[in-house]
Amino acid sequence: MNYSTFKTDVKLSKLGFGAMRLPQTEPGFGKPIDEPAAKEMVDYAMANGVNYYDTAYIYHGGKSEVVLGEALRKYPRESYYVADKFNVQANPDCDFQFKDQLARLGMDSIDFYLIHSVMDQTEAAYDESGCIPYFLEQKRLGKIKYLGFSCHGTPDCLRRMLKKNDWDFVQIQLNYYDWFCGNAKEMYEIIREKDLPIMVMEPIRGGMLANIAADVAARLPEGNASPAAWALRFVMNLPGIAVTLSGMSRKDQVVENIATASADVALSETDLKRIEETSRLLYNKTSVPCTGCRYCCDNCPQEFDIPSLLATYNEYKNDVTVLGDAAVASWRLQRLKALPEDKQPGSCLGCGACTQHCPQNIDIPAYMQEMGEYLK
């Protein structure tokens, strides 16, 4: 396992274990975590040098923290680092949420603590909650070792957050797709100017960069690496990246990602050129930049499986592009008619509860309305 030096004396594994997409007992939103499978994955990660484990108050309906804490309990506390997060939309009471997290984890302190998913539309709520002074006090008391924040906002939002505290680190969404076709490069450079360590989330963009069409994958650099491995290598190759998180759902993903993070991740100029070409091709094929994080789902009054619906929309749009015929591609959307009527996109209330929680700032109701029109 390759390691980075955080601050002066902390060695962090280049690969971090993200506990947002743990294995479940069956497919579907909100299903129970498959605890034996999840703990087997943690055991393999610990045995192979991964020492950074990332969770959050809202992951798996609050069960991620519990399962991760149980999985790590048999190991010496000094052999791993845990990252957890305060989410103002889940509960603006900092004290209640933090104490609840410690109880769920079964720990007395949290190593890396983050203000979670700061966006332009949530920034004021975080300010009003008083969370920064509260968590600075927890750091003074030794309940938190390092304090940072994760940002899904605009570059201007990132700049404002950086001015609000002397942070220890920052976490951003960074992958080659967002680097060449989004604002990830600008976000990265803003943090680098502050000389702060960067924790990376969504390096494979919610699995999108692992599951790309054969014609697109053919543009990746030559070699035996999988699309997922190229995505990780791109991020790990960048200076200043302390940890690259991967939300893994299966043991084979853990095995492959550890192998990638344990090898040489350097990329040549030719490699980078081909990765850029790949991202441009993907951009032309992707209509909605959903990462499947599911933050939008909890507050949907219709209880839509929004990422699944948006994935179907993307498949439809890709077929239209490839086939050049919307009528031929329409079968992709027509299959949604098999859903209960109140779970079909046409039943969207347009309330906007989903958009308030979307890190990608996707206008979800607009896509639901569009699909609903197609299905009439």
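Provided above is the structure to which this section pertains.
All figures in this text were calculated on a predicted structure; none of them were measured in a lab.

> Explain the pattern of salt bridges to me, please; I cannot follow it from the model alone.
A side chain of one charge can pair with a side chain of the opposite charge if their charged atoms are brought near each other. Applying the stated criterion to the full structure yields 30 salt bridges. Put simply, Lys-99 and Asp-95 hold a salt bridge, and the shortest N to O gap is 3.1 Å. Residue Lys-99 and its partner Asp-95 are located together in helix 3 (residues 94-105), separated by 4 residues, close to a single helical turn. Its relative accessible area of 51% is what places Lys-99 among the exposed residues. Put simply, Arg-160 and Glu-123 hold a salt bridge, and the shortest N to O gap is 2.8 Å. Pair noted here: Arg-160 is in helix 6 (residues 155-163) and Glu-123 is in helix 4 (residues 123-129), with a separation of 37 residues, a long-range link. Judged by relative accessible area, which is 8%, Glu-123 ranks as buried.

> I keep staring at helix 10 (residues 227-236) and nothing clicks. Help me out?
In an α-helix, one turn spans 3.6 residues, which is why side chains three or four residues apart end up on the same side. The element helix 10 is extensively covered by neighbouring structure, given that 9 of its 10 residues are classed as buried. Buried within helix 10 we find Ala-228, Ala-229, Trp-230, Ala-231, Leu-232, Arg-233, Phe-234, Val-235 and Met-236. Summarising the contacts, the buried residues of helix 10 are in contact with strand 3 (15-18), helix 7 (176-181), strand 9 (198-201), strand 10 (241-247), helix 11 (251-261) and helix 12 (269-285).

> Just to check I follow, could you spell out the sheet that holds strand 6 (residues 110-118) for this structure?
Working definition: the strands of a sheet are paired by backbone hydrogen bonds and lie parallel or antiparallel to each other. One closed barrel accounts for 8 strands, arranged 3-4-5-6-7-8-9-10; its pairing is parallel. With strand direction ignored, the average angle separating the axes of adjacent strands in the sheet is 30 degrees. Where helix 10 meets the sheet, its contacts fall on strand 3, strand 9 and strand 10, and the angle it forms with strand 10 comes to roughly 155 degrees.

> I'm lost on the environment of Lys-163 in this one. Help?
With respect to the helices and strands, the residue Lys-163 is situated in helix 6. In this structure the C-alpha to C-alpha distance between Lys-163 and Met-119, which are 44 residues apart in sequence, comes to 15 Å.

What counts and what doesn't
- Residues numbered from 1 in each chain as written.
- Predicted model: local features only at pLDDT ≥ 70, side-chain atom pairs only at ≥ 80, totals over all residues.
- Heavy atoms only, no water.
- Salt bridge = Lys/Arg side-chain N within 4 Å of Asp/Glu carboxyl O.
- Helix = DSSP H or I, 4+ residues; strand = E, 2+ residues; numbered from the N terminus.
- Buried < 20%, exposed > 50% of the residue type's maximum accessible area, 1.4 Å probe, protein only.
- Contact = heavy atoms within 4.5 Å.
- Pairing = 2+ DSSP bridges.
- Axes fitted to C-alpha atoms, helices over the stretch in contact; angles between N-to-C directions.

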